[in-house]
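Single-letter residue listing:
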Amino acid sequence: MFDRLQELEKRYDKLSQLLMDPETISDPKKLRQYSKEQSDLEETVQTYREYKKVVEEYQDAKSMLADKLDDEMREMVKMEIDELSEKKEQLEEQLKILLLPKDPNDEKNVIVEIRGAAGGDEAALFAADLYRMYTRYAERQGWKIELIDANHTGIGGFKEVIFMINGKGAYSKLKFESGAHRVQRVPTTESGGRIHTSTATVAVLPEAEEIEVEINEKDIRVDTFASSGPGGQSVNTTMSAVRLTHLPTGIVVSCQDEKSQIKNKEKAMKVLRARIYEKQLAEEQAKLASERKSQVGTGDRSERIRTYNFPQSRVTDHRIGLTLHKLDSILDGDLDEIISALQIHAQTELLKDAGME
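Residues numbered from 1 in each chain as written. Predicted model: local features only at pLDDT ≥ 70, side-chain atom pairs only at ≥ 80, totals over all residues. Heavy atoms only, no water.

Q: Teacher, can you tell me more about the pairing of strand S1 (residues 110–116) here?
A: Consecutive residues of a regular strand have side chains that alternate between opposite faces of the sheet. The element S1 is extensively covered by neighbouring structure, given that five of its seven residues are classed as buried. Of the pairings in the sheet, the one linking S1 to strand S3 (residues 158–166) comprises six bridges and is antiparallel in character. Residue Ile 114 lies in a different strand from S3, and its bridge partner there is Val 161. Where S1 meets strand S5 (residues 196–206), seven bridges bridge the pair, whose relative direction is antiparallel. (Buried < 20%, exposed > 50% of the residue type's maximum accessible area, 1.4 Å probe, protein only. Helix = DSSP H or I, 4+ residues; strand = E, 2+ residues; numbered from the N terminus. Pairing = 2+ DSSP bridges.)

Here is the structure:
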């Protein structure tokens, strides 16, 4: 581990030299490349340097114990050694995590797709609750939300809603949200007060750049139609809504949020590119061969990653066995505790795989 850290520190210093080189400064492509590489190394190298400083102070303190010290001074040195030892261990753990392979998609924006699944109208209402939860979380992070497409139900729910979240690191935080979410509550339409169980599915896709996914215009069929809003009422009479069909894969994307056909096509292309990118990732990596299916499943009540229980104000993430009794604040976008726990779990599994646990 420390050999690798020394290599990274040398590379970081070399990049500092390259960035001051007139040849690099005059070449925007190289300047951008070296700047990004150094930025990616920054946290690891600075943490390693802090670690080396702590180790030096720790060794100096230990050597002081060999000197003739009075009792008070000896006690103070021992306390300093204990503090430095604890800090050294914390930095070692931090360095292990920083050396783990990075997910190349972590810094990307995301496209989120939520669909009501098992449970009819109640599932559609729950899909609307999840949409609000994620948009509130995005607002708390200072991220921007763009609605792409929504298929409303007459009672305020969504059969399907697709939206984009623009924000640095959005995928790194939201990628664990993909899967079937289950709700247990008494529906407002239920006169007998019985608890119903319904599900909605969530898929979180990293936004794909044009350079990552090449789409031939000849492979896309474009259909236009009049937008419709809640209850099927006409939003406008112009043919502004767009449906794109990618003929080689059969992927279909619609967008009707904007009044402009051009803007709707641009948004639909972003979703299409993300879905094709996801498909390519799945094909390239055998372990993700069924990524889409494992993310969303069938939406059946038994396939779930998380349960939201209203009578007990309880949210349980079944993958890590985490239960929190603060359903209202979670549905209001307070997802930090759940997301942090999922990230730590993923890091722990990676450490096991790397033999660094």
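There's plenty left to go through after this.
Q: Explanation requested: the environment of Ala 226 in the structure shown.
A: Secondary-structure assignment places Ala 226 in the loop between strand S6 (220–225) and strand S7 (241–246). Relative accessible area serves as the criterion here: at 33%, Ala 226 is assigned to the partly exposed category. The spatial distance from the C-alpha of Ala 226 to the C-alpha of Val 242 is 8.7 Å, given a sequence separation of 16 residues.

Q: How should the pattern of salt bridges be read in this particular structure?
A: When their charged atoms lie close together, side chains carrying opposite charge are able to pair. Applying the stated criterion to the full structure yields 27 salt bridges. Between Glu 122 and Arg 185 there is a salt bridge, with its nearest N and O atoms 2.4 Å apart. Residue Glu 122 is found in helix H5 (residues 120–141), and its partner Arg 185 is found in strand S4 (residues 179–185); the two are separated by 63 residues along the sequence. Of the two residues, Glu 122 and Arg 185, both sit in the buried class. With a shortest N-O distance of 3.7 Å, Lys 326 and Asp 334 are connected by a salt bridge. Salt bridges linked by common partners bring Arg 132, Arg 136, Glu 139, Arg 140 and Asp 332 together as one network. (Salt bridge = Lys/Arg side-chain N within 4 Å of Asp/Glu carboxyl O.)

Q: Can you walk me through helix H1 (residues 2–20) in this structure?
A: Two residues of an α-helix separated by three or four positions point the same way, owing to the 3.6 residues in each turn. Taking 1.5 Å of rise per residue, 19 residues should cover 27 Å, and H1 covers 28 Å from first to last C-alpha, within 8% of that figure. Turning to H1, its buried residues number three or more, namely Leu 5, Leu 8, Glu 9, Tyr 12, Leu 15, Leu 18 and Leu 19. The elements touched by buried residues of H1 are helix H2 (22–25), helix H3 (28–64) and helix H4 (71–98). (Expected span 1.5 Å × (residues − 1). Contact = heavy atoms within 4.5 Å.)

Q: I would appreciate a short explanation of the confidence of the model for the chain in the present structure.
A: Atom-level detail of predicted coordinates should not be read off regions where pLDDT is low. Looking at the chain, the pLDDT average stands at 84 and 88% of residues meet or exceed 70. Taken as a whole, residues 231–235 scores under 50 in pLDDT and shows five contacts with residues more than four places along the chain or in a different chain. Under a pLDDT of 50 for its full length, residues 286–302 has, in the predicted model, 36 contacts with residues more than four places off or in other chains. (pLDDT = per-residue confidence, 0-100.)

Q: Explain the sheet that holds S7 to me, please; I cannot follow it from the model alone.
A: Within a sheet, adjacent strands bond to each other through the backbone by hydrogen bonds, running parallel or antiparallel. Taken in spatial order, the three strands line up as S6-S7-S8 in an open sheet, and their pairing is antiparallel. The strands lining the two open edges of the sheet, one partner per strand, are S6 and strand S8 (251–255). Averaged over neighbouring strand pairs, the angle between their axes works out to 15 degrees when direction is ignored. Sheet analysis places S7 next to S8, joined by five bridges and oriented antiparallel. The residue of S8 that forms the bridge with Thr 245 is Val 252. (Axes fitted to C-alpha atoms, helices over the stretch in contact; angles between N-to-C directions.)

Q: Help me understand the nonpolar core, please; the structure alone is not making it clear to me.
A: The nonpolar side chains of a soluble globular protein tend to be buried with one another. Ile 114, Leu 130, Tyr 134, Ile 165, Leu 174 and Tyr 308 are the most contacted members of the largest nonpolar core, which totals 37 residues. At the level of elements, S1, H5, S3, helix H6 (170–174), S5, strand S11 (322–324), helix H9 (327–331) and helix H10 (336–353) are the ones that each hand at least two residues to this core. At nine residues, H5 tops the list of elements feeding residues into this core. Among all residues touching Tyr 308, those that are not within four sequence positions of it are Phe 126, Leu 130, Met 133, His 181, Arg 182, Val 183, Gln 184, Arg 314, Val 315, Leu 327, Ile 330 and Leu 331. Formed by 22 residues, the second largest nonpolar core is a distinct cluster that contains Ile 111, Leu 244, Ala 274 and Tyr 277. (Core = buried A, V, L, I, M, F, W, Y, C linked by side-chain atoms within 4.5 Å.)

Q: In this structure, what is going on with H4? I would like to understand it.
A: In this model, H4 (28 residues) spans 41 Å end to end at C-alpha, consistent with the 40 Å of a helix rising 1.5 Å per residue. Sitting at the amino-terminal end of H4 is Asp 70, which places a side-chain oxygen 3.2 Å from the backbone nitrogen of Glu 72. (Polar contact = N/O pair within 3.5 Å; in protein donor to acceptor, adjacent residues only side chain to side chain.)

Q: Even after reading the chapter, I still don't get the pairing of strand S10 (residues 314–317), so can you show me in this structure?
A: Burial of the side chains of S10 extends over both faces: Arg 314 and Thr 316 are buried on one face and Val 315 and Asp 317 on the other. The pairing of strand S9 (residues 306–309) with S10 spans four bridges and is antiparallel. When the bridges of S10 are listed, Tyr 308 appears paired with Val 315. Hairpin connection, S9 to S10: the antiparallel pair is bridged by four residues, and Ser 313 has positive phi, about 50 degrees. Where S10 and S11 come together, three bridges link them in antiparallel fashion. Directly across from Val 315, in S11, lies its bridge partner Leu 324. Hairpin connection, S10 to S11: the antiparallel pair is bridged by four residues, and Gly 321 has positive phi, about 70 degrees.

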